[in-house]
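So you can see what is in the structure, the chains are spelled out below.
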Amino acid sequence: GALKGSERSMDMAEKILLVEDEEKLARMVEMELRYEGYQVTKAFNGREGLELAQSGGFDLVLLDIMLPVMDGWSVLKKIREESKTPVIMLTAKGTEYDRIIGLDSGADDYVAKPIDVKQLEEVLYKYLTPVSEMGMTSETGMESESGVTSEAGAISEAGVTSEAETTSQVGGTS
């Protein structure tokens, strides 16, 4: 069967930079991502997040918008000046307007708070290959018109499931 996160080879694990100032939320997201087999590095303000992102080596950046020192929009703009690394915006600002601004600014995708772990997994699956499927070609991973069914199917076929199905909300609305 598919490997659980702790059994995966860490050198093959994809690296995610999580830039989130709410420490409790950051810890919960980090635990979920580690369980799914990703390596996670956390930053708690925009400047620290930008410095880590610029140091390279990350396969994906999860970036909050409302950050101390330097906001997520500024961090995103700077990252886009020198990198094509996928950036997923995390924000309590779940309005359509903010979503459009984020995507127009170079964000690859968007996850609103409170974070639905299943939705986060589906978004990550679009940009990262689970270690359990490396070296295999999977037609189920192809993006469908809705962008949901095929990815959810591919996630369960890969055996990448978690307790998240029973507790799907992580973090607050602030």
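## Some points on helix H5 (residues 117–127)
Residue pairs three or four apart in sequence face the same way in an α-helix, which turns once every 3.6 residues.
Thought 1: Turning to H5, its buried residues number three or more, namely Val 117, Leu 120, Glu 121, Glu 122, Val 123, Leu 124 and Tyr 125.
Thought 2: N-capping of H5 is provided by Asp 116, with a side-chain oxygen placed 2.9 Å from the backbone N of Lys 118.

## Examining the environment of Val 69
Thought 1: In this fold, Val 69 is placed in the loop between strand S3 (60–64) and helix H3 (72–82).
Thought 2: Of the residues examined, Val 69 reaches a relative accessible area of 59% and is grouped as exposed.
Thought 3: A C-alpha to C-alpha distance of 8.8 Å links Val 69 and Glu 48, two positions 21 residues apart in sequence.
Thought 4: In contact with Val 69, other than residues within four places in its own chain, are Asn 45 and Arg 47.

## Considerations on the environment of Leu 67
Thought 1: Its location among the elements puts Leu 67 in the loop between S3 and H3.
Thought 2: Given a relative accessible area of 10%, Leu 67 falls into the buried group.
Thought 3: The spatial distance from the C-alpha of Leu 67 to the C-alpha of Gly 49 is 9.8 Å, given a sequence separation of 18 residues.
Thought 4: Apart from the residues within four sequence positions on either side, Leu 67 is in contact with Val 19, Glu 20, Asp 21, Gly 46 and Gly 72.

## Details of the pattern of salt bridges
Thought 1: Inspection of the entire model under this criterion finds eight salt bridges.
Thought 2: One salt bridge in this structure joins Lys 113 and Glu 20, with 2.9 Å as the shortest N-O distance. With Lys 113 in the loop between strand S5 (109–112) and strand S6 (115–116) and Glu 20 in the loop between strand S1 (15–19) and helix H1 (23–35), this pair connects stretches of sequence that are 93 residues apart. Like Glu 20, Lys 113 is buried.
Thought 3: Salt-bridge contacts for Glu 121 lead to Lys 118; the nearest nitrogen and oxygen are separated by 3.4 Å. Residue Glu 121 and its partner Lys 118 are both found in helix H5; the two are separated by three residues, about one turn of the helix.
Thought 4: On the basis of relative accessible area, Glu 121 is assigned to the buried category, the value being 8%.

## Some points on unusual backbone geometry
The phi angle of most residues is negative, glycine excepted, and most peptide bonds adopt the trans form.
Thought 1: Cis geometry is found at the peptide bond from Lys 113 to Pro 114, where omega equals -5°.
Thought 2: Secondary-structure assignment places Pro 114 in the loop between S5 and S6.
Thought 3: At Val 69, a residue that is not glycine, the phi angle is positive and equals roughly 70°.

The rules behind each value
- Each chain has its residues counted from 1, following the order in which its sequence is written.
- Only residues with pLDDT of 70 or above have their local features reported here, since the model is predicted, and side-chain atom pairs are shown and tallied only from 80 upward, although totals for entire chains, interfaces and linings are computed over all residues.
- Each side-chain value is worked out from all heavy atoms of the structure, with water and hydrogens disregarded.
- Burial classes follow relative accessibility: with a 1.4 Å probe on protein chains only, a residue under 20% of its type's maximum area counts as buried, one over 50% as exposed, and anything between as partly exposed.
- Numbering of helices and strands runs from the N terminus; a helix is a DSSP stretch of H or I covering at least four residues, while a strand is a stretch of E covering at least two.
- Counted as a polar contact is a pair of N or O atoms within 3.5 Å, where, for protein atoms, one must be capable of donating a hydrogen and the other of accepting one, and residues adjacent in sequence contribute only when both atoms are in side chains.
- Should any heavy atoms of two residues lie within 4.5 Å, those residues are considered in contact.
- Salt bridge, as used here: a side-chain nitrogen of Lys or Arg that lies within 4 Å of a carboxyl oxygen of Asp or Glu.

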